[in-house]
Amino acid sequence: MAPAPIISARGRGRTDRAFYTAISLAAVATVFAGFARTYFLRSQFQATALPLYLRVHGLVFTTWIALFVAQTTLIAARRTDIHRRLGWAGASLAAVMVVAAVTAAILSGRRDVAAGQEDVALTFLTTPLLAMLVFVILVAAAVYYRRSPETHKRLMLLATVSILDAAVARWPVALVSATPWAYYVLTDLFILIAAAYDLSSRNRVHAVYVWGGLLVVAAQFSRDLVGRTAAWHAFARLLIG
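Presented here is an overview of the structure given in this document. (Residues numbered from 1 in each chain as written. Predicted model: local features only at pLDDT ≥ 70, side-chain atom pairs only at ≥ 80, totals over all residues. Heavy atoms only, no water.)

1. Focus: the environment of Ala-36
Piece 1. Inspection of the secondary structure puts Ala-36 in helix α1 (residues 9-40).
Piece 2. On the accessibility criterion, Ala-36 (10% relative accessible area) is buried.
Piece 3. A C-alpha to C-alpha distance of 23 Å links Ala-36 and Arg-111, two positions 75 residues apart in sequence.
Piece 4. Setting aside residues up to four positions removed in sequence, Ala-36 forms contacts with Leu-41, Arg-42 and Phe-45. (Helix = DSSP H or I, 4+ residues; strand = E, 2+ residues; numbered from the N terminus. Buried < 20%, exposed > 50% of the residue type's maximum accessible area, 1.4 Å probe, protein only. Contact = heavy atoms within 4.5 Å.)

Here's what the structure looks like:
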């Protein structure tokens, strides 16, 4: 016989709302800590302004994080009516994010090539492009499963986690700068924490965290491997121009 749930369905609803609200706020803290010096508080730390395309990129991605917090807060407040209406705005925003990210990746790549860093630029291009591919897959799946709250909310959390590594990579922490893969591990703690919450509240880990988490990790692992290949460099040259 399967073990009884650790908490009742009603109690689980309350703890779910608290958990997802808390983890969305943790995502805000993660992004702010990573981009405070280069974006949010740039004028306090750097004399040069960001190019327009990076300012747009930052604004669009910040809006996603803000919307993610708003959506989890609306669910916590039991305003699912507003949450659903905002959901389509979120889907549209996700499409804009892809355009902004790809544009920023290509223009930044051209800048780096012009600065004599062609090999680095071509290799790194896998990072934003694969990140956006995973993000789109997870958001599209979340839209498809929008009538299944248990699946939908986990997919939206994973979609948000999948873009947090850029912020974690910029944390002013010695471990992050000293170890090339540390920021992936720190980012993936979000997935492990969410899976641990499932296990403690439901005695099992939802399949979304298993398969979606593997997708996120596999894409992270593949970036450098694919990015170093001659075939990728040839493709990246076509994109960067």
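Having put the structure on the table, let's press on.
2. Regarding the packing of helix α7 (residues 149-161) against helix α11 (residues 207-227)
Piece 1. Interhelical geometry of α7 versus α11 gives an angle of 25° and a closest axis separation of 9 Å. Taken together, the axis directions place α7 and α11 in an arrangement best described as roughly parallel. As for the relative orientation of α7 and α11, their crossing is right-handed in sense. Residue-level inspection shows Thr-151, Arg-154, Leu-155, Leu-157 and Leu-158 of α7 in contact with α11, the latter providing Val-208, Tyr-209, Gly-212 and Gly-213. (Axes fitted to C-alpha atoms, helices over the stretch in contact; angles between N-to-C directions. Parallel < 35°, antiparallel > 145°, perpendicular 65-115°, else oblique. Left-handed = near helix turned anticlockwise from the far one by under 90°.)

3. Details of the pattern of salt bridges
Piece 1. This structure, assessed with the given rule, holds 11 salt bridges.
Piece 2. For Asp-16, the salt bridge goes to Lys-153, with nearest N and O atoms at 2.8 Å. Of this pair, Asp-16 sits in helix α1 while Lys-153 sits in helix α7, placing them 137 residues apart in sequence.
Piece 3. When its relative accessible area of 6% is taken as the criterion, Asp-16 is described as buried.
Piece 4. Arg-79 is the partner of Asp-81 in a salt bridge, and the nearest nitrogen-oxygen pair spans 2.8 Å. (Salt bridge = Lys/Arg side-chain N within 4 Å of Asp/Glu carboxyl O.)

That is the geometry; function is a separate question.
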